[in-house]
Amino acid sequence: MQTNIGITEDNRQEVVNHLAKLLADEYVLYTKTRNAYWNVEGKDFFEKHEFFHEQYLQLEEIIDNVAESIRSLGHYATASLKYFLDSTHLSESSRELNNSQGFIKELLADHDSVIIYLRENVNTFANEYKDLVTSVFIVGIMKDHEKMAWMLRSHLK
């Protein structure tokens, strides 16, 4: 059945294209956070192990919500590792040491990158594509990333 929610097919396709890139970013960031959770070492191991656990659970929820948003717009959410790597704005891990400071700096940079991408698109969804719902939705995701970034940044003080 065709999706008829008051947004043209062309506009829905453009929104989905942006959301698919966001989904790729979220999945790569989730994977990098899982990596930190599994591999962090040092005197602060247990504290950071638990901290990264909380963060990847938050990202897991965001991933699911982005995929469901794509589905609600009448499209399929691509779930391919190759697609995610080809579509993400983020890079894979490049750190040599598995200490908490290295993981935190890298994850913080990735959260900041996602926040910037969302901020650049929030008005585009509402104004250009006539999709206020997705605009409000990504504001919520941006708020989640800002809080996670704040938590990461606080560990660097």
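Structure shown above.
All figures in this text were calculated on a predicted structure; none of them were measured in a lab. By convention here, each chain's residues receive numbers from 1 onward along its written sequence. For a predicted model such as this one, the threshold for reporting local features is a pLDDT of at least 70, and the threshold for listing and counting side-chain atom pairs is 80 or more; totals across whole chains, interfaces and linings nevertheless cover every residue. Only hydrogens and water are set aside; all other atoms, that is, all heavy atoms of the structure, feed into the side-chain values.

Draft legend 1. View of the layout of surface pockets. Empty space within the largest pocket amounts to approximately 190 Å³. Points on a 1 Å grid, built from protein atoms alone, make a cavity when a 1.4 Å probe fits but cannot get out and make a pocket when they are open with protein on both sides within 12 Å along at least 5 of 7 lines; residues with an atom within 4 Å of a point are the lining residues. Looking at the largest pocket, the residues that line it are Y27, V28, T31, K32, N35, L81, F84, L85, E92 and S93. Per the convention used, a helix needs a DSSP run of H or I reaching at least four residues, while a strand needs a run of E reaching at least two, with both numbered from the N terminus. Mapped onto the lining of the largest pocket, the elements with two or more residues apiece are α1 (9-39) and α3 (81-87). Among the elements that line the lining of the largest pocket, the one with the most residues is α1, at five residues. A per-class count over the lining of the largest pocket returns five nonpolar, three polar and two charged. Grid points are joined across faces, edges and corners, and a volume is the space filled by probe spheres set on the points. Polar here means any residue other than Ala, Val, Leu, Ile, Met, Phe, Trp, Tyr, Cys and Pro, which are nonpolar, and Asp, Glu, Lys and Arg, which are charged; Gly is therefore polar.

Draft legend 2. A look at the packing of α1 against helix α2 (residues 45-72). Lines fitted to C-alpha atoms define the axes here, with helix axes fitted over just the stretch in contact, and angles between the N-to-C directions of these axes take values from 0 to 180 degrees. One way to put it is that α1 packs onto α2 with a least axis distance of 9 Å and a crossing angle of 160°. The angle between α1 and α2 places the two elements in the roughly antiparallel class. Regarding α1 and α2, the two cross each other, and that crossing is left-handed. For the contact of α1 with α2, the class distribution of residues is 18 nonpolar, five polar and three charged. The cut-offs work like this: below 35 degrees is roughly parallel, past 145 is roughly antiparallel, 65 to 115 is roughly perpendicular, and the gaps in between are oblique. The hand of a helix crossing depends on one turn: near helix anticlockwise from the far one by less than a right angle means left-handed, and clockwise means right-handed.

Draft legend 3. Focus on the environment of Y37. Counting through the fold element by element, Y37 comes out in helix α1. Relative accessible area decides the class of each residue, using a 1.4 Å probe on protein chains only: under 20% of the type maximum gives buried, over 50% gives exposed, and in between gives partly exposed. What makes Y37 buried here is its relative accessible area of 15%. Sequence spacing of Y37 and N123 is 86 residues, and the spatial spacing of their C-alpha atoms is 35 Å. Note on contacts: a residue pair is in contact if any heavy atoms of the two residues lie within 4.5 Å. Once residues within four sequence positions are removed from consideration, Y37 is found in contact with H49, F52, H53 and Y56.

Draft legend 4. Fine view of the packing of aromatic side chains. A pair of aromatic rings is counted whenever rings of Phe, Tyr or Trp (Trp by its six-membered ring) have centres within 6.5 Å, and the orientation is called stacked for planes under 30 degrees apart, edge-to-face for over 60 and tilted otherwise. Applying the stated criterion across every chain, the model contains eight aromatic pairs. Ring geometry for F52 versus F103: centroids 6.1 Å apart, planes at 70°, classification edge-to-face. One end of the pair, F52, is in helix α2; the other, F103, is in helix α4 (residues 100-128), with 51 residues separating them in the sequence. Both residues of the pair, F52 and F103, belong to the buried class. With centroids separated by 6.4 Å and ring planes inclined at 45°, the aromatic side chains of F125 and Y129 adopt a geometry described as tilted. For the pair F125 and Y129, a shared accessibility class is recorded, and that class is buried.

Draft legend 5. Geometry of the packing of α1 against helix α5 (residues 132-154). α5 packs onto α1 with a crossing angle of 20° between their chain directions and a minimal axis gap of 13 Å. Classed by the angle they form, the pair α1 and α5 counts as roughly parallel. Where α1 crosses over α5, the handedness of that crossing is left-handed. The segment α1 lies against α5, with V15, L19, L22, E26 and L29 engaging T134, F137, I138, I141 and H145. Here the contact of α1 with α5 is composed, by residue class, of seven nonpolar, two polar and one charged.

Honestly, it's all geometry; don't read function into it.
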